[in-house]
Amino acid sequence: MKLFGGRNDTPDSPSTVPKTGPAEAVKSGLFSRMKQAVARTRESLSARIETVVALTRTVDEQTLESLESVLLTSDLGVQTTAAILTALRDRARRQAIEGGDELRALLKAQIRAILEAPIFSHSKKLPPTEGPFVTILVGVNGTGKTTSAGKLAAWYRAQGRTVLLCAADTFRAAAIEQLEIWAERSGVEMIKTRQGGDPAAVLYDAMAAAKAHKIDELIVDTAGRLHTKTGLMDELDKMRRTAAKLIPGAPHEVLLVMDATTGQNGLNQARQFTQSAGATGIVLTKLDGTAKGGICVAIAQELNLPVRFVGVGEQMNDLLEFSPAEFVDSLLG
Ligand code: GDP
């Protein structure tokens, strides 16, 4: 493959690259896509909340208990639900909650605050002065790592950034081929090695190439691994050390790719991963196929990690930058 032949200068088919336009139109377009993505969660959560809220004049303990069971069945998880309920009870004690509308508004504010907290505590690193901003995608097999790497490349391209993909999932030949297809689609170059090659070595090559060609974003796909597989976790460690050697501060972002349809099980897996892989944020995939969107809130509360992006389908532009305000409005608007 010809390297750096200017693919980054020419966007691919206009129909597949997210459209830019007046800021407001783009914003409302993203909002309606988020709304569509959480449609199944909204249907199940809102309908049940409506039932609680519709009958509510002044919010009492019984109302709060009904709300508690609704939140629990919507995959917010025990700990997160308890935190929300504590805040609402506290508020009800200080000042009565006057009816369903007020309860809904307080619930929205509470969920939004939970989603925003990790964004403040994990503010995204600034782009380095020299060399690319390095993002490594990690997670277990089948969560959507390779797909998200490809979509992320297209997303950054649409922001006017130059991008290089690195196929560091050297475990499966299919993963390298799959990423190559995404690279073609999104019009970016890719650095790869043979199957079975050293992922840290291919990362080193990709970083050197990105640096030499003044690429803005380096996106690294890695092999699916379980946190329990020591060998694979060591390999990830080696990649991180390699990255830091070449560009101080790298990797700048380690995104844990998590499948929303796995709900609370995925959350447990993510909890272990966060500690061993040093994740700095989450890409929550397959939000389009689940009524378990409440998991976003549990991630923020229990892992203290910001959801950076959500996957809402299998196409190239089916990746949305996550906004707590939009998410809450889409869900309970
Ligand atoms: P990896 O093993 O983690 O690299 O996972 P892949 O990227 O190969 O994705 C596994 C499957 O999930 C593929 O069939 C993807 O098309 C699908 N997938 C990934 N992200 C999304 C998403 O956001 N929504 C939907 N509906 N499918 C997705």
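A quick note: this is a predicted structure, and the numbers were derived from the prediction, not measured.

The subject of this paragraph is the overall build of the chain. Helices and strands together make up the secondary structure of the chain, namely 12 helices and eight strands. Taking 20 Å as the expected radius of gyration for a compact globule of 333 residues, we find that the chain reaches 21 Å, a close match to that expectation. Over its C-alpha atoms, taken along the principal directions, the chain stretches across nearly 70 × 45 × 35 Å. When the 333 residues of the chain are sorted by exposure, 50% land in the buried category.

We now examine the side chain of R91. Position of R91 relative to the elements: it lies in helix α4 (residues 78-94). Sequence-distant contacts of R91, defined by excluding residues within four places in its chain, comprise A96, I97, E102 and L106.

This next bit is on the site of the ligand. Residues in close proximity to the ligand total 18 residues, the closest being G142, K145, T147, D288 and E314. Between an oxygen atom of the ligand and a main-chain N or O atom of G144, the distance comes to 2.9 Å. G311 is positioned with one of its backbone polar atoms (N or O) 3.2 Å from an oxygen atom of the ligand. Across the complex, the protein chains shield 79% of the 580 Å² of accessible surface that the ligand would expose by itself. Broken down by element, the shell around the ligand gets its largest block of residues, four residues, from helix α6 (residues 145-158). Broken down by class, the residue content of the shell around the ligand amounts to two nonpolar, 10 polar and six charged.

This brings us to unusual backbone geometry. Omega for the bond connecting A250 with P251 falls within 30 degrees of zero, at -5°, which places this linkage in the cis form. For P251, the location among the structural elements is in the loop between α9 (230-246) and β5 (253-259). Non-glycine residue K286 carries a positive phi angle of around 60°. As for its position among the elements, K286 is in the loop between β6 (281-285) and α11 (295-303). In the Ramachandran plot, N304 falls in the positive-phi region, its phi being about 50° despite a non-glycine side chain. Under the relative-accessibility criterion, N304 is labelled partly exposed at 36%.

This brings us to the packing of aromatic side chains. Two numbers describe a pair of aromatic rings. These are the distance of the centres and the angle of the planes. Throughout the structure, instances matching the rule amount to three aromatic pairs. When the centroid spacing of 5.2 Å and the interplanar angle of 75° are considered together, the rings of W155 and Y156 count as edge-to-face. When sorted by exposure, W155 lands in the same class as Y156, which is buried. On the basis of an interplanar angle of 80° and a centroid distance of 4.9 Å, the ring pair of W155 and F309 is categorised as edge-to-face. Taken together, the residues span a long stretch of sequence, with W155 in helix α6 and F309 in strand β7 (residues 307-311) at a distance of 154 residues. Take F309: its relative accessible area is 4%, and that puts it in the buried class. Grouped by ring-pair contacts, the aromatic residues W155, Y156 and F309 constitute a single cluster.

Below, the discussion takes up the packing of helix α2 (residues 39-54) against helix α12 (residues 324-332). The N-to-C vectors of α2 and α12 enclose an angle of 65°; their axes lie 8 Å apart at closest approach. Contact residues: T41, R42, L45, S46 and I49 in α2; S330, L331 and L332 in α12. Partitioned by chemical class, the residues of the contact of α2 with α12 number four nonpolar, three polar and one charged.

This paragraph deals with the pattern of salt bridges. A full pass over the atoms with the stated rule returns 17 salt bridges. A salt bridge links D318 to R33; the nearest nitrogen and oxygen atoms lie 2.7 Å apart. With D318 in the loop between β7 and β8 (319-321) and R33 in helix α1 (residues 23-37), this residue pair connects regions lying 285 residues apart in the sequence. Overlapping salt bridges bring together E50, D101 and R104 as one network.

About the criteria used
Residues numbered from 1 in each chain as written. Predicted model: local features only at pLDDT ≥ 70, side-chain atom pairs only at ≥ 80, totals over all residues. Heavy atoms only, no water. Helix = DSSP H or I, 4+ residues; strand = E, 2+ residues; numbered from the N terminus. Rg over C-alpha atoms; globule rule 2.2 N^0.38 Å. Buried < 20%, exposed > 50% of the residue type's maximum accessible area, 1.4 Å probe, protein only. Contact = heavy atoms within 4.5 Å. Near = heavy atom within 4 Å. Polar contact = N/O pair within 3.5 Å; in protein donor to acceptor, adjacent residues only side chain to side chain. Areas by Shrake-Rupley, 256 points an atom, 1.4 Å probe, with all protein chains shown as cover. Nonpolar A, V, L, I, M, F, W, Y, C, P; charged D, E, K, R; others polar. Phe/Tyr/Trp six-rings, centres within 6.5 Å; stacked < 30°, edge-to-face > 60°. Axes fitted to C-alpha atoms, helices over the stretch in contact; angles between N-to-C directions. Salt bridge = Lys/Arg side-chain N within 4 Å of Asp/Glu carboxyl O.

So far we have only geometry, and geometry alone does not tell us how the molecule works.
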